[in-house]
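Examination of the molecular architecture
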Amino acid sequence: QVQLVESGGGLVQPGGSLRLSCAASGFTFSSAVMSWYRQAPGKQRELVASMFSTGGRINYADSVKGRFIISRDNAKNTAYLQMNSLKPEDTAVYYCKAVRVGGLGSWGQGTQVTVSS
């Protein structure tokens, strides 16, 4: 069964950094498009960053451009989201998403990121 397990969330002060990890199993990770989404209470789930399987195309939401970095280690079947210069408005549950060959999508359970002083 496809599984995506996020980790690395927590409480951080404004201006701080966190690195989220998404450990994947049950599918061919190297061929999947990986994305990070986030959802704050009362708001729509929004795309934060995505990366094609080859790493040749990377997209970021305007709100995180220049602060967040998406990456992947295909040998470890893991995607990452490095979050720097965090702001209170970054507070949300962050979700990992994989789109596999054939267009089948899967979601992780989410990890809470809280940015507060």
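To be clear, the structure that these remarks concern was listed above.
Parameters and conventions
- Residues numbered from 1 in each chain as written.
- Predicted model: local features only at pLDDT ≥ 70, side-chain atom pairs only at ≥ 80, totals over all residues.
- Heavy atoms only, no water.
- Helix = DSSP H or I, 4+ residues; strand = E, 2+ residues; numbered from the N terminus.
- Rg over C-alpha atoms; globule rule 2.2 N^0.38 Å.
- Pairing = 2+ DSSP bridges.
- Disulfide = S-S within 2.5 Å.
- Buried < 20%, exposed > 50% of the residue type's maximum accessible area, 1.4 Å probe, protein only.
- Contact = heavy atoms within 4.5 Å.

Digging into the overall build of the chain
The helix and strand inventory of the chain stands at 0 helices and 11 strands. Counted from the first residue to the last, the chain has its helices and strands arranged as β-β-β-β-β-β-β-β-β-β-β. Here the C-alpha radius of gyration of the chain, 13 Å, is about what a compact globule of 117 residues would show, namely 13 Å. The dimensions of the chain, computed from C-alpha atoms along their principal axes, are 40 × 25 × 25 Å.

Some thoughts on the pairing of strand β5 (residues 46-51)
Bridging between strand β4 (residues 33-39) and β5 involves 5 bridges; their strand directions are antiparallel. Of the residues in β5, the one forming a bridge with Ser-35 is Ser-50. Joining the antiparallel neighbours β4 and β5 is a turn of 6 residues, in which Gly-42 adopts a positive phi near 80 degrees.

Thoughts on the state of the cysteines
Enumeration over the complete set of coordinates arrives at 1 disulfide. Across the disulfide, Cys-22 is cross-linked to Cys-96 (sulfur-sulfur distance 2.1 Å). What sets the handedness of the Cys-22 and Cys-96 disulfide is the S-S torsion sign, and at about -80 degrees it is left-handed. Of this pair, Cys-22 sits in strand β3 (residues 18-25) while Cys-96 sits in strand β9 (residues 92-99), and the two are 74 residues apart along the sequence. By relative accessible area, which is 0% here, Cys-22 ends up buried.

With respect to the environment of Val-64
Structurally, Val-64 can be placed in the loop between β6 (58-60) and β7 (68-73). Since its relative accessible area comes to 1%, Val-64 is described here as buried. C-alpha of Val-64 to C-alpha of Glu-46: the two residues are 18 residues apart in sequence and 12 Å apart in space. When neighbours within four sequence positions are excluded, Val-64 is seen to be in contact with Arg-38 and Val-48.

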